Every structure is written in structure tokens, then in C-alpha cells.
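Okay, here's what each chain looks like letter by letter:
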Amino acid sequence: MTRKPIPRPKKVAPDTKDKLTLWVTLMVSTTLCISVLAMVVSFMLGLWAKEVDNAEIFKMISPAFSTLIGGMIGFLSGIKLMQNEDKSKSCKD
């Protein structure tokens, strides 16, 4: 009795849309990290600068910080939701 080798599933190469989604997600995530780090550094420098009023620093940077974080998170979640939606449509057909 000879043993047959166990068939292994072939690796499916990701298509162009999946690659593009991955790269866009990575770029947006990297941009978000760099922007947040720059804003945190500016917060920290503003806290210890004697010639700058802390209330003014927070008043200027807080809306930009909130907008940036909200926009990037919304963008990333939108990409991920749309990615799963495309795959579920093909299964229903």
C-alpha cells in the first residue's frame, strides 16, 4: 500500500486591489503615527516654554489634533469595511 501525498492548497496571490489596499493602509498608518508624534512633541515643548501661554498652545493645536485623528481613523475603517464588503458580494452570487 503506497501512501499518497497530502494535497496542499496552493497559495493564492493577492490581486492588485488587495495590494493597493495594503499599501494605502500602511501609508495612512505611518502618516498618522508621524503626525501624532509631531503634535505630542509640540505639546510637550509648549508646556515647558516660558514665553508661551499653555492655554493658547492647547487652544490652537487641539482642534487640528482631533480632526487629524478622526479623519485618519475614519479613512482606515472605511477601507477595511469596503474590503470585506467586496468579498461578501462574490460569495452571494
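About the thresholds
- Residues numbered from 1 in each chain as written.
- Predicted model: local features only at pLDDT ≥ 70, side-chain atom pairs only at ≥ 80, totals over all residues.
- Heavy atoms only, no water.
- Helix = DSSP H or I, 4+ residues; strand = E, 2+ residues; numbered from the N terminus.
- Contact = heavy atoms within 4.5 Å.
- Areas by Shrake-Rupley, 256 points an atom, 1.4 Å probe, with all protein chains shown as cover.
- Patch = residues over 30% accessible without salt bridge, like charges linked within 9 Å, V, L, I, M, F, W, Y side chains within 5 Å.
- Salt bridge = Lys/Arg side-chain N within 4 Å of Asp/Glu carboxyl O.

A.B. asks: Is there a simple way to think about the overall build of the chain in this case?
C.D. replies: Each helix and strand counted, the chain has 2 helices and 0 strands in total. Sequence separation of 24 or more characterises 71% of the internal contacts of the chain that already satisfy a separation of 6 or more. Total accessible area computed for the chain in this model is approximately 8,100 Å², and 69% of it derives from carbon and sulfur atoms.

A.B. asks: Help me understand a nonpolar patch on the surface, please; the structure alone is not making it clear to me.
C.D. replies: On the surface, V40, M44, L47, W48 and F58 cluster together into a nonpolar patch covering about 470 Å² of accessible area. Residue contributions to the nonpolar patch peak at 4 residues, all from helix 1 (residues 16–48). Position of F58 among the secondary structure elements: in helix 2 (residues 54–92).

A.B. asks: What should I look at first to understand the environment of L76 in this one?
C.D. replies: Looking at the element boundaries, L76 is found in helix 2. Apart from residues lying up to four places away in sequence, L76 is in contact with T25, V28 and S29.

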